[in-house]
Amino acid sequence: FVFSVVFRVNACYARWGDSHIAWGDILAKSLELGMMSRSWIVDQDLADRMSRFIILFSYATKAILRGKSLSDDGEDGPALVKRGLLTQEELDDMNDNPCWQPHYCVHMIRLILVEAHLAPGGKALTF
């Protein structure tokens, strides 16, 4: 009996450690992507939108890992709207498919990059 309890505790601690490393990687990559987008996207409006969705990706991932939606009670959706990181329309769009909220953020980041590449004269990007 004691062996099985110790084994389960060790397995749980190992899973917690792995998840802690994975969450740290998400935050580090988000910070890196934010710095790169600020350096490469010249159009300030596009760069601001990109930064917003990079930040929102972490919040949406946190909510889905808890089995919730950003708009659920106790989650950050309404506060993000108040802070200006998210519009109510975007929150409503994300709420239509709560399990796809992080994917919605990635999709919006992708659309912003396409918009930057398609800017007239290629003046939205520095490379």
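Before reading further, recall that the structure is shown in the block above.
These remarks concern the structure in this document.

Some remarks on helix 5 (residues 101-117)
- When the terminal C-alpha atoms of helix 5 are compared, their 25 Å separation across 17 residues agrees well with the 24 Å that a helix rising 1.5 Å per residue should span.
- In this structure, the buried residues of helix 5 make contact with helix 2 (44-65) and helix 4 (88-96).

A word on the packing of helix 2 against helix 5
- Close contact between helix 2 and helix 5 brings their axes to 8 Å; oriented N to C, the two are set at 165 degrees. The angle between the axes of helix 2 and helix 5 places the two elements in the roughly antiparallel class. Here helix 2 and helix 5 pass one another in a crossing that is left-handed. Mapping the contact onto sequence places Leu46, Arg49, Met50, Phe53, Ile54, Leu56, Phe57, Ala60, Thr61 and Ile64 in helix 2 and Gln101, Pro102, Tyr104, Cys105, Val106, Met108, Ile109, Ile112, Leu113, Glu115 and Ala116 in helix 5.
- Counted by class, the contact of helix 2 with helix 5 contains 17 nonpolar, two polar and two charged residues.

Section: the nonpolar core
- Counting residues in hydrophobic clusters, the biggest one holds 24 residues, and the most contacted among them are Phe53, Leu56, Leu70 and Met94.
- Elements represented by at least two residues in this core include exactly helix 2, helix 4 and helix 5.
- For this core, the element with the highest residue contribution is helix 2, accounting for eight residues.
- Ignoring anything within four residues of it in the chain, the contact list for Leu56 reads Leu80, Leu85, Leu86 and Cys105.

Description of the pattern of salt bridges
- Summed over all chains, the structure comprises five salt bridges.
- For Arg38, the salt bridge identified is with Asp48, shortest N-O distance 2.7 Å. In this pair, Arg38 is assigned in helix 1 (residues 2-40) and Asp48 in helix 2, connecting sequence segments ten residues apart.
- Using a relative accessible area of 32% as the deciding quantity, one classes Asp48 as partly exposed.
- Across the pair Arg52 and Glu90 runs a salt bridge, and its minimum N-O distance is 3.2 Å.

Conventions we followed
- Residues numbered from 1 in each chain as written.
- Predicted model: local features only at pLDDT ≥ 70, side-chain atom pairs only at ≥ 80, totals over all residues.
- Heavy atoms only, no water.
- Helix = DSSP H or I, 4+ residues; strand = E, 2+ residues; numbered from the N terminus.
- Expected span 1.5 Å × (residues − 1).
- Contact = heavy atoms within 4.5 Å.
- Axes fitted to C-alpha atoms, helices over the stretch in contact; angles between N-to-C directions.
- Parallel < 35°, antiparallel > 145°, perpendicular 65-115°, else oblique.
- Left-handed = near helix turned anticlockwise from the far one by under 90°.
- Nonpolar A, V, L, I, M, F, W, Y, C, P; charged D, E, K, R; others polar.
- Core = buried A, V, L, I, M, F, W, Y, C linked by side-chain atoms within 4.5 Å.
- Buried < 20%, exposed > 50% of the residue type's maximum accessible area, 1.4 Å probe, protein only.
- Salt bridge = Lys/Arg side-chain N within 4 Å of Asp/Glu carboxyl O.

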